[in-house]
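Overview (structure and organization)
What follows is the residue order along each chain.
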Amino acid sequence: MVSLVTIIEFFEALFASIKRRNAEKAAVDAAKTSRLVDDGKAAVADIDAELAKAGR
Amino acid sequence: MRKALVLIFITAIAVSSSCSRSYYHDAEVLSAYQRQARAMCLAANAKSKLSTCRRAKACAGAAQAGLEAVQLYQLASAAMTATIDDRVAADAAYAGAVAACGVAGVRLGVSSGVAAVDAGTSHNAAKPLAPITDGGAHG
């Protein structure tokens, strides 16, 4: 017979593990997204330069 | 036996509801829009340069705001401090950027490296708006 405390402990450990894994994944994604943000800044700057050349 | 099945079922529900989707794919889509907008602006001929680049800027600027919102959410997730509001902000910024690019006439094809996303299909805004005026700067 599984006690209620055992079940609660099991779920606590499960959720903690999932949260930790999600946080690690998000950190990796954030680092990769950071490169895309920098590329985006460059793209916007290129468009601004073209606009300036075109007269506005 | 029945209790074990119930436990397995609850576990499956808990695991599936706890796993968050990756927002990096959204960031890739927004980045692809920016690349497409930049290419569109650079490739425009002199006559339509101003109009095309203004549209491209509307798309790329919105996509940049979307990228930064996604990055904020990812950083908050990494620090385990993300709230539902961070997620909604990232979703809203992404949806806004996709809609803006659709209205501006920037579309992604298969060749962009991201699965084709047609910004205009959901709101019939894919057709670029005809420029009313460029302020008279260019005839």
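This text goes with the structure placed above it.
Residues numbered from 1 in each chain as written. Chains lettered and ligands numbered in written order. Predicted model: local features only at pLDDT ≥ 70, side-chain atom pairs only at ≥ 80, totals over all residues. Heavy atoms only, no water.

**Overview of the overall build of chain A**
Broken down by element type, chain A carries one helix and zero strands. The C-alpha atoms of chain A give a radius of gyration of 24 Å, which is well past the 10 Å a tight globule of 56 residues would have. Taken along its principal axes, the extent of the C-alpha atoms in chain A is 80 × 15 × 10 Å. By the burial criterion, 32% of the 56 residues in chain A qualify as buried. Between the centroid of the 9 positive side chains of chain A and the centroid of its 9 negative side chains there is a distance of 2 Å. (Helix = DSSP H or I, 4+ residues; strand = E, 2+ residues; numbered from the N terminus. Rg over C-alpha atoms; globule rule 2.2 N^0.38 Å. Buried < 20%, exposed > 50% of the residue type's maximum accessible area, 1.4 Å probe, protein only. Lys, Arg positive; Asp, Glu negative; His and termini not counted. Charge placed at Lys NZ, Arg CZ, Asp CG, Glu CD.)

**Regarding the packing of aromatic side chains**
Applying the stated rule across the entire model yields three aromatic pairs over all chains. Chaining the aromatic ring pairs together yields one cluster made of Phe10(A), Phe11(A) and Phe15(A). Taking NZ or CZ as reference, Lys32(A) lies 4.4 Å from the ring centre of Tyr24(B), over its face. (Phe/Tyr/Trp six-rings, centres within 6.5 Å; stacked < 30°, edge-to-face > 60°. Lys NZ or Arg CZ within 6 Å of the ring centre and 35° of its normal.)

**Details of the state of the cysteines**
Residue and element names in this part refer to chain B. The full count for this structure, using the stated rule, is two disulfides over all chains. A disulfide bridge connects Cys 41 with Cys 53, and the sulfur atoms are separated by 2.0 Å. Here the S-S torsion is close to 90°, and the disulfide linking Cys 41 with Cys 53 is therefore right-handed. Here the residue Cys 41 occupies a position in helix α2 (residues 24-43), and Cys 53 occupies one in helix α3 (residues 49-78), the gap between them amounting to twelve residues. With relative accessibility at 0%, the residue Cys 41 sits in the buried group. Linked covalently through their sulfurs, Cys 59 and Cys 101 form a disulfide whose S-S length is 2.0 Å. Disulfide Cys 59-Cys 101: torsion about the S-S bond near 85°, hence right-handed. Pair noted here: Cys 59 is in helix α3 and Cys 101 is in helix α4 (residues 84-104), with a separation of 42 residues, a long-range link. By relative accessible area, Cys 101 is classed as buried at 0%. (Disulfide = S-S within 2.5 Å.)

**Some words on the packing of α3(B) against α4(B)**
Residues and elements named next belong to chain B. Axis separation between α3 and α4 bottoms out at 8 Å; the angle between their running directions is 165°. In terms of axis orientation, α3 runs roughly antiparallel to α4. As for the relative orientation of α3 and α4, their crossing is left-handed in sense. For the pair α3 and α4, contact is made by Arg 55, Ala 58, Cys 59, Ala 62, Ala 63, Ala 65, Gly 66, Ala 69, Val 70, Tyr 73 and Ala 76 and by Asp 86, Arg 87, Ala 89, Ala 90, Ala 93, Ala 97, Ala 100, Cys 101 and Ala 104, respectively. Of the residues contributing to the contact of α3 with α4, the split by class is 16 nonpolar, one polar and three charged. (Axes fitted to C-alpha atoms, helices over the stretch in contact; angles between N-to-C directions. Parallel < 35°, antiparallel > 145°, perpendicular 65-115°, else oblique. Left-handed = near helix turned anticlockwise from the far one by under 90°. Contact = heavy atoms within 4.5 Å. Nonpolar A, V, L, I, M, F, W, Y, C, P; charged D, E, K, R; others polar.)

**Let's talk about the environment of Lys53(A)**
All names here are of chain A. Within the secondary structure layout, Lys 53 lies in helix α1 (residues 4-54). A residue is classified by how much of its surface remains accessible, and Lys 53, at 65% relative accessible area, is exposed. Along the chain, Lys 53 and Leu 14 lie 39 residues apart, while their C-alpha atoms are 58 Å from each other.

**Regarding the nonpolar core**
Formed by 32 residues in total, the largest nonpolar core has its most connected members in Ile47(A), Tyr33(B), Ala37(B), Cys59(B) and Val106(B). Elements with a contribution of two residues or more to this core: α1 of chain A together with α2, α3 and α4 of chain B. Tallying contributions element by element places α3(B) first for this core, with nine residues. Once residues within four sequence positions are removed from consideration, Ile47(A) is found in contact with Ala37(B), Arg38(B), Cys41(B), Cys53(B), Ala56(B), Lys57(B) and Ala60(B). (Core = buried A, V, L, I, M, F, W, Y, C linked by side-chain atoms within 4.5 Å.)

**Quick word on α4(B)**
The periodicity of an α-helix, 3.6 residues per turn, causes residues three or four places apart in sequence to face the same way. Residue and element names in this part refer to chain B. In this model α4 runs 30 Å from its N-terminal to its C-terminal C-alpha over 21 residues, within 8% of the 30 Å that 1.5 Å per residue would give. For α4, the full list of buried residues reads Ala 90, Tyr 94, Ala 97, Val 98, Cys 101, Gly 102 and Ala 104. For α4, the secondary structure elements touched by its buried residues are α2 and α3. Where α4 ends, the next residue or the one after it, Gly 105, has phi of about 85°, a positive value. (Expected span 1.5 Å × (residues − 1).)

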